[in-house]
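Architecture at a glance
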Amino acid sequence: MTDAIQLLVGTRKGAWIYRSDAGRTDWRVEGPLFLGQIVNHLVADPRDRETLLAATATGHLGPTILRSTDGGTSWTEAKAPPAFPKGEPHGRSVNHSFWLEPGHASEPGVWWAATSPPGLFRSADGGDTWESIDGLNAHPKILDWLPPDGGTPDGAIIAGISIDPRDKDHMYLATCSAGVLETTDYGQSWRPLNQNVRCDFLPDPYPEYGQDAHQIALAPSNPDRIWQQNHCGIYRLDRPGERWERIGDAMPREVGDIGFSIVPHPSCAETAWVFPMDGSDVWPRVSPGGRPAVYRTRDGGGSWERQDRGFPAEQGWFTVKRQAFCGDGRATQGLYLGTTGGEIWMSGDEGESWRQIAAHLPEIYSVVAAPAA
Amino acid sequence: MTRVMIPSQLTSYTAGATRLEAGGGTVGAVLDDLDRRFPGLKFRVIDEQDRVRKHMRLFIGREETRSVAAPLGEGDELLIFGALSGG
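Residues numbered from 1 in each chain as written. Chains lettered and ligands numbered in written order. Predicted model: local features only at pLDDT ≥ 70, side-chain atom pairs only at ≥ 80, totals over all residues.

Before going further, it helps to examine the overall build of chain A. When helices and strands are counted, chain A shows 2 helices and 28 strands. Its C-alpha atoms give chain A a radius of gyration of 19 Å, near enough to 21 Å, the size a compact globule of 373 residues would have. Based on the C-alpha atoms only, the size of chain A along its principal axes is roughly 55 × 50 × 40 Å. For chain A, the residues scored as buried account for 53% of the 373 residues in total. Relative to all contacts within chain A whose residues are 6 or more apart in sequence, the contacts with residues 24 or more apart total 49%. (Helix = DSSP H or I, 4+ residues; strand = E, 2+ residues; numbered from the N terminus. Rg over C-alpha atoms; globule rule 2.2 N^0.38 Å. Buried ≥ 20, exposed ≤ 12 C-beta atoms within 10 Å, placed from the backbone. Contact = placed C-beta atoms within 7 Å.)

The following block contains the structure:
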């Protein structure tokens, strides 16, 4: 296994791949791929190290999935991209695939896709053909949980899929209007999992569902620990518990605990990183005070430390979207974030220091770190 | 046969061709014929509920249509445009 990393970068105008040396010091860029196409997510398959899938659309054309089975050298289009059943009662059609998730390690070739409007789809052939998951898409509560016209400025979404590494039947979805949904039967049935998660934009601040879960992440070393960066704060849940704890209350008051992403440590279940954004008054969603920083907890959210060395000390108005902050899973975790201003920043020392490794890209939608093919 | 004008957004499917002929008595049938020859093309233009995608425009001659059921006669021309999708 090589120590080199590939960074898969999806932007509003195409995709780029940055490949590092073993020390993550020098980076070589490949791209643009799919110039002009909106690339919401570009993901490598950890099971074969050769397959890449890209969720794309264009301003004019409908959505599709592009596939590579040779590490990104050549690409073909999916024969049957994610699509709701023709004639389905709610008239939905996929606007774009937002999140791509390789299936459980025991199921080579299986992938999951989450879309806008919210829908869940599965492929059993490496992303070539996709089927609608009726257990969710045709659920009797689907229009209450995930109305097609609710959600983010870019459309209502299922923002992420997390699979329990111990059990392929057990999955979680982060959604923009039903909070977290859980299945224990491979997607046949679902239930909300939002106890004690605040929803300060609804009359009932603690509803059964309605929350906007920007991102969730299972701690790799303890998948019973779930981290959540919610629209209304940072939370942690330890299963089989049902009640989330707002660990963002320990963040500095002047920074707050609003953001899009949360990144777990690969081997320490007490450690995670967030990239806070200004959620005051009209929600600027930029670095608070124009001073970008990540915050790290090493005690499960009991306390947070600011990590900003290398970032602009002032006038740095970063916005980092849901899919654009990630770790590389190495023993000393590398961290990577992409901004809507087209910059990529990395830390090779678990957030202690940061440096810019790319600039002048289009608006970055997603950054995924994977071992080099 | 219907003459079809292919916009730049779709020429990656047609090996660069911007003028084609396709068979079928309706807009949908002509697009189905094109899709058989250029797999994936139709879904980029027409969604799974048979609606013309928001930023695609179809004309039969000079008349715009949003219906895949619109009939096409011998000698008709189907023009496909990508339009007004933003910056």
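Quick look at the overall build of chain B now. Broken down by element type, chain B carries 2 helices and 5 strands. Its helices and strands taken in sequence order, chain B reads β-β-α-α-β-β-β from the N to the C terminus. In terms of overall size, chain B behaves like a compact globule, its C-alpha atoms giving a radius of gyration of 12 Å where 87 residues would be expected to give roughly 12 Å. Overall, the C-alpha framework of chain B stretches about 40 × 25 × 25 Å when taken along its three principal axes. In chain B, once contacts between residues fewer than 6 apart in sequence are set aside, the share between residues at least 24 apart is 47%.

The next point concerns the nonpolar core. Residue and element names in this part refer to chain A. Judged by nonpolar contacts, the single largest core of 103 residues is most densely connected at Val-9, Ala-54 and Val-367. It is strand β28 (residues 364-371) that provides the largest number of residues to this core, a total of 6 residues. If near-sequence neighbours (up to four positions away) are discounted, Val-367 is found in contact with Leu-7, Val-9, Ala-324, Phe-325, Cys-326, Tyr-336, Leu-337, Gly-338 and Ile-344. (Core = buried A, V, L, I, M, F, W, Y, C linked by C-beta atoms within 7 Å.)

Counting from both sides, the interface comprises 14 residues of chain A and, opposite them, 15 residues of chain B. In the side of chain A that touches chain B, the residues fall into 4 nonpolar, 7 polar and 3 charged. (Nonpolar A, V, L, I, M, F, W, Y, C, P; charged D, E, K, R; others polar.)

All names here are of chain A. The 4 strands are arranged β8-β9-β10-β11 in an open sheet whose pairing can be described as antiparallel. On the outer flanks of this sheet lie β8 (96-102) and β11 (131-132), each paired with one strand and no other. With 2 bridges joining them, strand β10 (residues 119-123) and β11 adopt antiparallel strand pairing. In the sheet register, Phe-121 faces β11, and the bridge partner there is Ser-132. (Pairing = 2+ DSSP bridges.)

This next bit is on the pairing of strand β1 (residues 5-11) of chain A. Residues and elements named next belong to chain A. Where burial is concerned, most of β1 is hidden: 7 out of the 7 residues are buried. Residue alternation in β1 divides its side chains into two sets, Ile-5, Leu-7, Val-9 and Thr-11 and Gln-6, Leu-8 and Gly-10, and both sets are buried. Strand direction decides the pairing type here: β1 and β28, joined by 7 bridges, are antiparallel. When the sheet's bridge partners are listed, Leu-8 is paired in β28 with Val-368.

Let us look at the sheet that holds strand β25 (residues 335-338) of chain A. Residue and element names in this part refer to chain A. As summarised here, the arrangement of the 4 strands in space is β24-β25-β26-β27, forming an open sheet in which the pairing is antiparallel. The sheet is open, and its two borders are formed by β24 (325-327) and β27 (355-358), each paired with just one other strand. Each strand axis lies, on average, 25° off the axis of its neighbour in the sheet, ignoring direction. As defined by bridge partners, strand β26 (residues 344-347) adjoins β27 across 3 bridges and the pair is classed as antiparallel. Opposite Trp-345, over in β27, you have Gln-356 as the bridge partner. (Axes fitted to C-alpha atoms, helices over the stretch in contact; angles between N-to-C directions.)

Residues and elements named next belong to chain A. Tracing the sequence through the fold places Ile-142 in helix α2 (residues 142-145). Residue Ile-142 is classed as partly exposed on the basis of its C-beta count, with 19 C-beta atoms lying within 10 Å. Note: C-alpha distance between Ile-142 and His-90 (52 residues apart in sequence) is 9.9 Å. Apart from residues lying up to four places away in sequence, Ile-142 is in contact with Leu-136 and Asn-137.

Our next topic: the pairing of β10(A). Side-chain positions along a regular strand alternate between the two faces of the sheet. Residues and elements named next belong to chain A. Here β10 lies mainly inside the structure; 4 of its 5 residues are buried. Relative to β10, strand β9 (residues 111-116) runs antiparallel, the two being bridged by 5 bridges. What sits directly across from Trp-112, in β10, is Arg-122.

With that settled, consider unusual backbone geometry. Trans peptide bonds make up the majority, and among non-glycine residues the majority have a negative phi. Residues and elements named next belong to chain A. Following Gly-31, the chain continues to Pro-32 via a peptide bond in cis, the omega torsion being 5°. Secondary-structure assignment places Pro-32 in strand β3 (residues 27-33). A cis amide bond links Ser-116 to the next residue, Pro-117, at an omega of -10°. When you line up the elements, Pro-117 lands in the loop between β9 and β10. Positive phi, close to 55°, is recorded for Gln-315, a residue that is not glycine.

So, on to the confidence of the model for chain B. Averaged over chain B, the pLDDT score is 95; the fraction of residues at 70 or greater is 97%. As a predicted assembly, this complex carries a pTM of 0.96 together with an ipTM value of 0.90. (pLDDT = per-residue confidence, 0-100.)

All names here are of chain A. Structurally, Tyr-235 is set in strand β18 (residues 233-238). On the neighbour-count criterion, Tyr-235 (28 C-beta atoms within 10 Å) is buried. In contact with Tyr-235, other than residues within four places in its own chain, are Val-197, Gln-228, Asn-230, Trp-244, Glu-245, Arg-246 and Ile-247.

On to helix α1 (residues 27-37) of chain B. All names here are of chain B. When α1 is considered as a whole, its buried residues turn out to be Val-27, Val-30, Leu-31 and Leu-34. End-on, the buried residues of α1 take up no more than an arc of 95°, which puts them together on one face. Of the surrounding secondary structure, the elements contacted by the buried residues of α1 are β1 (2-5), β2 (19-22), α2 (41-45), β3 (56-60), β4 (63-65) and β5 (77-82). (Arc of directions from axis to C-beta.)

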